[in-house]
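Chain and residue survey
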Amino acid sequence: MESRTFSRYSWIDFAFSVVGVCTFLLDWGSDLWLAKEFYCRGDLLWFGVLVGLLVLSSIVVQMFSWFWFQYDKELPAFSGEATGAGSMFCGNRVKLFCLLHVLQLGFLCRHISVIRHGFRVWWRKEEGSDYAIYLTHDLSMLRLIETFCESAPQLILMIYVMLRTNKARTVQFVSVAASTTSITWMVMEYHRSLRSFLPDKAKQHWGSSLMYFLWNLLLIGPRVAALALFSSVLPDFIALHFLLLWLVFVLWVWQQRTNFMDSAGGEWLYRATVGLIWYFSWFNVAEGRTLGRSIIYHSFITVDVVVLLATWWGYRDRVQTKAYGLALLIALPLTYLLGLLFKALYYCCFHPKLLRHLEREPRLQEDLAGSDVAFRDFSTQDGTPASQLCNQRMACHAANFYTNR
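Predicted model only: the values in this text are computed from it and were never measured.

Describing the nonpolar core
Within the largest apolar cluster, 72 residues are counted, with the highest numbers of intra-cluster contacts made by F64, F148, Y270, W278, F280 and F283. Per element, the largest residue contribution to this core is 16 residues, and it comes from helix 7 (residues 129-165). For F280, the contacting residues outside a window of four places in its chain are F148, A152, P153, I156, I220, R223, V224, L227 and Y297. Core analysis: the next-biggest nonpolar cluster, separate from the first, contains 9 residues, A35, F38, W46 and Y160 among them.

Re helix 11 (residues 264-278)
Helical geometry: 3.6 residues make up each α-helical turn, so side chains three or four residues apart lie on a common side. Here helix 11 contains 15 residues, and its C-alpha end-to-end distance of 21 Å stays within 8% of the 21 Å for a straight helix at 1.5 Å per residue. Burial in helix 11 covers these residues: G266, E267, L269, Y270, R271, T273, V274, G275, L276, I277 and W278.

Things to note about the packing of aromatic side chains
All chains considered together, the criterion is met by 27 aromatic pairs. Where W278 meets Y297, the ring centres are 6.5 Å apart and the plane angle is 50 degrees; that geometry is what we call tilted. On the criterion of sequence distance, the pair formed by W278 in helix 11 and Y297 in helix 12 (residues 291-315) is long-range, its members being 19 residues apart. You'll find W278 and Y297 in the same group, each marked buried. Ring-pair connections join several aromatic residues into one group, and the members of that group are F249, W252, W278, W282, Y297 and F300. It is R271 that lies over the ring of W268; its NZ or CZ is 4.8 Å from the centre.

Considerations on helix 12
Taking 1.5 Å of rise per residue, 25 residues should cover 36 Å, and helix 12 covers 36 Å from first to last C-alpha, within 8% of that figure. Taken together, the buried positions of helix 12 are R293, S294, Y297, H298, I301, D304, V305, L308, L309, T311 and W312.

Quick word on the environment of R316
Residue placement: R316 occurs in the loop between helix 12 and helix 13 (325-350). Remark: the alpha-carbon pair of R316 and L234, spanning 82 residues in sequence, is separated by 9.5 Å. Each residue touching R316, except ones within four places of it in the same chain, is listed here: V233 and T321. Of the polar contacts made by the side chain of R316, one reaches the backbone oxygen of W313; its length is 2.6 Å.

Details of the packing of helix 2 (residues 44-72) against helix 5 (residues 94-102)
Packing of helix 2 against helix 5 brings their axes to within 10 Å, and their N-to-C directions diverge by 165 degrees. Compared by their axis directions, helix 2 and helix 5 come out roughly antiparallel. Crossing angle aside, the handedness with which helix 2 passes helix 5 is left-handed. Side by side, helix 2 and helix 5 meet where Q62, S65, W66, F69 and Q70 of the first sit next to V94, F97, C98 and H101 of the second. Split into classes, the residues belonging to the contact of helix 2 with helix 5 amount to 5 nonpolar, 4 polar and no charged.

Some remarks on unusual backbone geometry
Glycine aside, residues mostly have negative phi, and peptide bonds are mostly found in the trans state. The residue Q104 is not glycine, and still its phi comes out positive at about 65 degrees. Mapped onto the elements, Q104 comes out in the loop between helix 5 and helix 6 (106-122). Judged by relative accessible area, Q104 falls into the partly exposed class, the value being 30%. Phi at R257 takes a positive value of approximately 55 degrees, unusual for a residue other than glycine.

Focus: a nonpolar patch on the surface
On the surface, a cluster of nonpolar side chains totalling about 430 Å² of accessible area is made up of L96, L99, V102, L103 and L105. With respect to the helices and strands, L96 occurs in helix 5. Taking relative accessible area as the criterion, L96 reaches 33% and is therefore assigned partly exposed.

Calculation rules
- Residues numbered from 1 in each chain as written.
- Predicted model: local features only at pLDDT ≥ 70, side-chain atom pairs only at ≥ 80, totals over all residues.
- Heavy atoms only, no water.
- Core = buried A, V, L, I, M, F, W, Y, C linked by side-chain atoms within 4.5 Å.
- Buried < 20%, exposed > 50% of the residue type's maximum accessible area, 1.4 Å probe, protein only.
- Helix = DSSP H or I, 4+ residues; strand = E, 2+ residues; numbered from the N terminus.
- Contact = heavy atoms within 4.5 Å.
- Expected span 1.5 Å × (residues − 1).
- Phe/Tyr/Trp six-rings, centres within 6.5 Å; stacked < 30°, edge-to-face > 60°.
- Lys NZ or Arg CZ within 6 Å of the ring centre and 35° of its normal.
- Polar contact = N/O pair within 3.5 Å; in protein donor to acceptor, adjacent residues only side chain to side chain.
- Axes fitted to C-alpha atoms, helices over the stretch in contact; angles between N-to-C directions.
- Parallel < 35°, antiparallel > 145°, perpendicular 65-115°, else oblique.
- Left-handed = near helix turned anticlockwise from the far one by under 90°.
- Nonpolar A, V, L, I, M, F, W, Y, C, P; charged D, E, K, R; others polar.
- Patch = residues over 30% accessible without salt bridge, like charges linked within 9 Å, V, L, I, M, F, W, Y side chains within 5 Å.
- Areas by Shrake-Rupley, 256 points an atom, 1.4 Å probe, with all protein chains shown as cover.
- Salt bridge = Lys/Arg side-chain N within 4 Å of Asp/Glu carboxyl O.

No statement about biological role is implied by the geometric values presented.
Encoded structure:
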């Protein structure tokens, strides 16, 4: 295969890695602080829900991390000392790395590995740019999983508490807004990571990035708000609502015959996680044209949002919600529809038109579209020959996202 020019590891990637581990630690610290507040106030139910979300999210992320480590250590490129893979995965001590995952520290270990290896590549100009990028791509996917397993449900809990207690300080409103923005930012960062798999990619200018951020914000925000409003009047039914929709989504993922993981157990974990992500936001997982699937998904979610809001309107406390009830009932559906309009506008007017580069490279398009994408040539910073190491998982997702739309 001819050599292609892909993204190189840069100071921007290193900065994102450092910020990522800081936000990870800050997020866990704030979660523990909030759990302590619930416990000290005697809100044991909310304390239990919050701790359950933290534990479930951590277990899911650690399982993905461990599955990927098991797959990757079998790759030929990981066995060589040139890639530095052995030193990054705890000196190739599999038992120690397994113990770290059992102790729920595997995700943190990956953050530290990326920073350590990224520093050596970017600052010291050592070899291994492709491996640093490989680890960064895995982290972007793991952060996305953590976002929808923990941050999105936790945001619903925060809004629910505000509605049930009818008490909200300014800092709580700021926290909710910041959490929603953070979730949307993580979706955009995942999109940025996918784009690095396309050779000679068109740059996504600030207008395109802003539009991508806005339509995700306008779709995710009303969805989370509608779920929180519904749970505030029928808290016993929100779990049933999630379970029913999650089962439908998992069956839909299964029907699309995904092939993301390298084992049957891992694939079902992936499908279950995609079902959870779809509960909040669209996430393409299969080859082929996605327009039809996207229309079906957004039509379904639009109807669901309307049903949730209608249920909340019928069961709400009219006195307590007099100040904001009608405004929310009108604003949330309109905001969601505005998000759909912005999404259509993005793909019509603001998309970087990356497909044209794939069309100029028909052979690469076939490689990316295939399900057996494993290795690509990466140009390293030091000018040394590429070590043919590419992240198979993210490459397949890039093919699904950017081809045959």
